[in-house]
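Analysis of the macromolecular model
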Amino acid sequence: MAIHKIILASFLVYLMIQFSHGATKERLFSDLEKDALDVTAKPSRQGVLDAGIDKLSITWKLSSTAKKQANFKTIKVKLCYAPVSQVDRPWRKTENELFKDKTCPHKIITRAYNKSSQSFKYTLDRDIPTGTYFVRTYAVDAKDHEVAFGQSTNEAKTTNLFSVQAISGRHKSLDIASVCFSVFSVLALLVFFVNEKRKAKLEQSK
């Protein structure tokens, strides 16, 4: 009897999850108004950026071609993977259904909508993985549904990209300790062999 109750409860939970997804399942990225926001993202320096250290100067403003601005309530700015960093990584896959889309998992900032130009200096989070990125801004309505977007790259996501190097997780002191340990191990091994050779000669002399 208890097993039947567990199965029934699990089924109900599954139905609730599916129902909750149903509200967003029909919202497609292709239905959003594109280029409704003009977005730029300028790295603090040239070359590969370091997570946890380097910054992005991000600006966004309403595009002159935007048509749905009356519905804009909030702007969500996100860091997104470029196609080159999505290859063979299904956990970063782009999907047309918004609730499935994994292109832009890194939240940068959320602000109330303002039609005038806005800016934000973002220090790359320490947990950002190594990869190639761009910035996308979503315009969200009062129901927290995305209605439009703009991004710092072109539609094919091939221009104005920047690369980030993740924190390795190793500290310089650990590297120094590792080198010292390796040197000590080699010296200890040499001493061992010298002593063994000396013992062997003493045995032969007897």
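These numbers were taken from a predicted model, which means no experiment stands behind them.

One pass over the full model with this rule turns up four aromatic pairs. Ring centres of Phe-72 and Tyr-113 lie 5.3 Å apart, and the angle between their planes is 90 degrees; this geometry places the pair in the edge-to-face category. Pair noted here: Phe-72 is in the loop between strand 3 (55-62) and strand 4 (74-81) and Tyr-113 is in the loop between strand 5 (106-112) and strand 6 (118-123), with a separation of 41 residues, a long-range link. Judged by its relative accessible area of 4%, Phe-72 falls in the buried class. Residues Tyr-81 and Tyr-133 carry aromatic rings whose centres are separated by 5.2 Å and whose planes lie at 35 degrees to one another, so their mutual orientation is tilted. Taken together, the positions of Tyr-81 in strand 4 and Tyr-133 in strand 7 (residues 131-140) put the pair 52 residues apart, joining distant regions of the chain. Linked through ring pairs, Tyr-81, Tyr-133 and Phe-162 together constitute an aromatic cluster. The ring of Phe-149 is capped by Arg-136, whose NZ or CZ atom sits 5.4 Å from the centre of that ring.

Averaged over every residue, the pLDDT of the protein is 84; the share at 70 or more is 69%. Confidence drops under a pLDDT of 50 for residues 11-15, and excluding neighbours within four residues, the segment shows zero contacts in the predicted structure. Every residue in residues 170-174 scores below 50 in pLDDT, and together they form one contact with partners more than four places removed in sequence or on other chains.

What follows is about the environment of Asn-160. Inspection of the secondary structure puts Asn-160 in the loop between strand 8 (146-151) and strand 9 (162-165). Judged by relative accessible area, Asn-160 falls into the exposed class, the value being 56%. Measuring from C-alpha to C-alpha, the distance between Asn-160 and Ala-41 comes to 8.1 Å, with 119 residues separating the pair along the chain. A distance of 3.4 Å separates a polar side-chain atom of Asn-160 from the backbone oxygen of Ser-152.

The next thing to look at is the sheet that holds strand 6. Read from one edge of the open sheet, three strands run 1-3-6, paired in antiparallel fashion. On the outer flanks of this sheet lie strand 1 (37-43) and strand 6, each paired with one strand and no other. The mean inter-strand angle of the sheet, taken between neighbouring strand axes irrespective of direction, is 15 degrees. Direction of pairing for strand 1 relative to strand 3: antiparallel, over a ladder of seven bridges. Bridge pairing in strand 3 places Thr-40 opposite Thr-59.

The subject of this paragraph is the pattern of salt bridges. Enumeration according to the criterion identifies seven salt bridges in this entry. The closest approach of N and O atoms between Arg-45 and Asp-54, which form a salt bridge, is 3.0 Å. A salt bridge links Glu-95 to Lys-93; its shortest N-O distance comes to 3.7 Å. Glu-95 gets classed as partly exposed once you look at its relative accessible area, which sits at 26%. The network of salt bridges with common partners includes Arg-45, Asp-50 and Asp-54.

Another point: the pairing of strand 9. Only one face of strand 9 is buried: it carries Phe-162 and Val-164, and the other face, with Ser-163 and Gln-165, is open. Looking at chain direction, strand 2 (residues 49-50) and strand 9 are connected through two bridges and run parallel. Bridge pairing links Leu-49 to Val-164 in strand 9. Direction of pairing for strand 7 relative to strand 9: antiparallel, over a ladder of three bridges. Paired with Tyr-133 across the strands is Phe-162, a residue of strand 9.

Next up on the list: the nonpolar core. Core analysis: the biggest nonpolar cluster contains 28 residues, and Leu-56, Ile-58, Leu-79, Val-135 and Phe-162 have the highest contact counts within it. Among the elements of the structure, strand 1, strand 3, strand 4, strand 5, strand 7, strand 8 and strand 9 are those that each provide at least two residues to this core. For Leu-56, the residues in contact, after removing those within four places along its chain, are Lys-42, Pro-43, Leu-49, Leu-79, Phe-120, Lys-121, Tyr-122, Leu-124, Val-135 and Phe-162. Counting residues in hydrophobic clusters, the runner-up holds eight residues, among them Cys-104, Tyr-138, Val-140 and Phe-149.

Conventions we followed
Residues numbered from 1 in each chain as written. Predicted model: local features only at pLDDT ≥ 70, side-chain atom pairs only at ≥ 80, totals over all residues. Heavy atoms only, no water. Phe/Tyr/Trp six-rings, centres within 6.5 Å; stacked < 30°, edge-to-face > 60°. Helix = DSSP H or I, 4+ residues; strand = E, 2+ residues; numbered from the N terminus. Buried < 20%, exposed > 50% of the residue type's maximum accessible area, 1.4 Å probe, protein only. Lys NZ or Arg CZ within 6 Å of the ring centre and 35° of its normal. pLDDT = per-residue confidence, 0-100. Contact = heavy atoms within 4.5 Å. Polar contact = N/O pair within 3.5 Å; in protein donor to acceptor, adjacent residues only side chain to side chain. Pairing = 2+ DSSP bridges. Axes fitted to C-alpha atoms, helices over the stretch in contact; angles between N-to-C directions. Salt bridge = Lys/Arg side-chain N within 4 Å of Asp/Glu carboxyl O. Core = buried A, V, L, I, M, F, W, Y, C linked by side-chain atoms within 4.5 Å.

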